[in-house]
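The residues making up each chain are set out below.
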Amino acid sequence: TRRLDNASLRFLDAAVILVSWSLAFLAGFEGSMPSDLPGGPVLFLALPLTVQLVANQLAGLYGPIWKYASVEEAARVVIAVACGAVASTTS
């Protein structure tokens, strides 16, 4: 069941990442999708999705299921999100 729990966490994270980056993308273009985007929005979203999921894995966020989160876990979440965002926007 632990593997299934981790898969559901990854799926939930992927959904949150895709929605967040999609909203940020639309906000940046004032709600309209540019027609000259190479590869379309799918290619645009693939990089941040992959990078953030890898950053979460490296930060140890998909290990044990937390009943209570501590400051250490919160710090790992912040570090993973910051590293993923920086890596996605600097390339």
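Residues numbered from 1 in each chain as written. Predicted model: local features only at pLDDT ≥ 70, side-chain atom pairs only at ≥ 80, totals over all residues. Heavy atoms only, no water.

## Focus on the overall build of the protein
A count of helical and extended segments in the protein gives 3 helices and 0 strands. Starting at the N terminus and ending at the C terminus, the protein contains elements arranged as α-α-α. At a minimum sequence separation of 6, the contacts of the protein that also span at least 24 residues come to 65%. Surface exposure of the protein reaches about 6,400 Å², of which carbon and sulfur atoms provide 70%. (Helix = DSSP H or I, 4+ residues; strand = E, 2+ residues; numbered from the N terminus. Contact = heavy atoms within 4.5 Å. Areas by Shrake-Rupley, 256 points an atom, 1.4 Å probe, with all protein chains shown as cover.)

## A word on the side chain of Gln-52
Topologically, Gln-52 is positioned in helix α2 (residues 40-58). Within the structure, Gln-52 has its side chain in polar contact with the backbone oxygen of Ala-80 (distance 2.9 Å). In contact with Gln-52, not counting residues within four places along its chain, are Ile-17, Ala-80, Val-81, Gly-84 and Ala-85. (Polar contact = N/O pair within 3.5 Å; in protein donor to acceptor, adjacent residues only side chain to side chain.)

## A word on helix α3 (residues 71-89)
Its 19 residues give α3 an end-to-end C-alpha distance of 27 Å, which sits within 8% of 27 Å, the value for a rise of 1.5 Å per residue. All of the buried residues along α3 are Glu-73, Ala-80, Gly-84 and Ser-88. Relative to the axis of α3, the buried residues are bounded by an arc of 50° and lie together on one face. Turned more than 90 degrees from where α3 packs its buried face, Val-71, Glu-72, Val-78, Ile-79, Val-86 and Thr-89 sit exposed. (Expected span 1.5 Å × (residues − 1). Buried < 20%, exposed > 50% of the residue type's maximum accessible area, 1.4 Å probe, protein only. Arc of directions from axis to C-beta.)

## What to know about the environment of Phe-44
By secondary structure assignment, the location of Phe-44 is in helix α2. The exposure class assigned to Phe-44 is partly exposed, which follows from its relative accessible area of 29%. Residues Phe-44 and Phe-25 lie 19 residues apart in sequence; the distance between their C-alpha atoms is 9.1 Å. Apart from the residues lying within four places of it in its own chain, the contact partners of Phe-44 are Trp-21, Phe-25 and Leu-37.

## Focus: the confidence of the model for the protein
Residues at a pLDDT of 70 or more form 87% of the protein, whose mean pLDDT is 80. When mean pLDDT is compared element by element in the protein, α2 scores highest at 85, while helix α1 (residues 2-28) scores lowest at 82. (pLDDT = per-residue confidence, 0-100.)

## What about the environment of Arg-10?
Assignment of secondary structure puts Arg-10 in helix α1. By relative accessible area, Arg-10 is classed as partly exposed at 31%. In this structure the C-alpha to C-alpha distance between Arg-10 and Asn-56, which are 46 residues apart in sequence, comes to 9.0 Å. Beyond its immediate chain neighbours, meaning those up to four positions away, Arg-10 contacts Leu-53, Gln-57 and Tyr-62.

## So, the side chain of Asn-56
In this fold, Asn-56 is placed in helix α2. The class of Asn-56 is buried, set by a relative accessible area of 5%. Excluding residues that lie within four positions of it along the chain, Asn-56 makes contacts with Asp-13, Leu-61, Tyr-62 and Ala-80.

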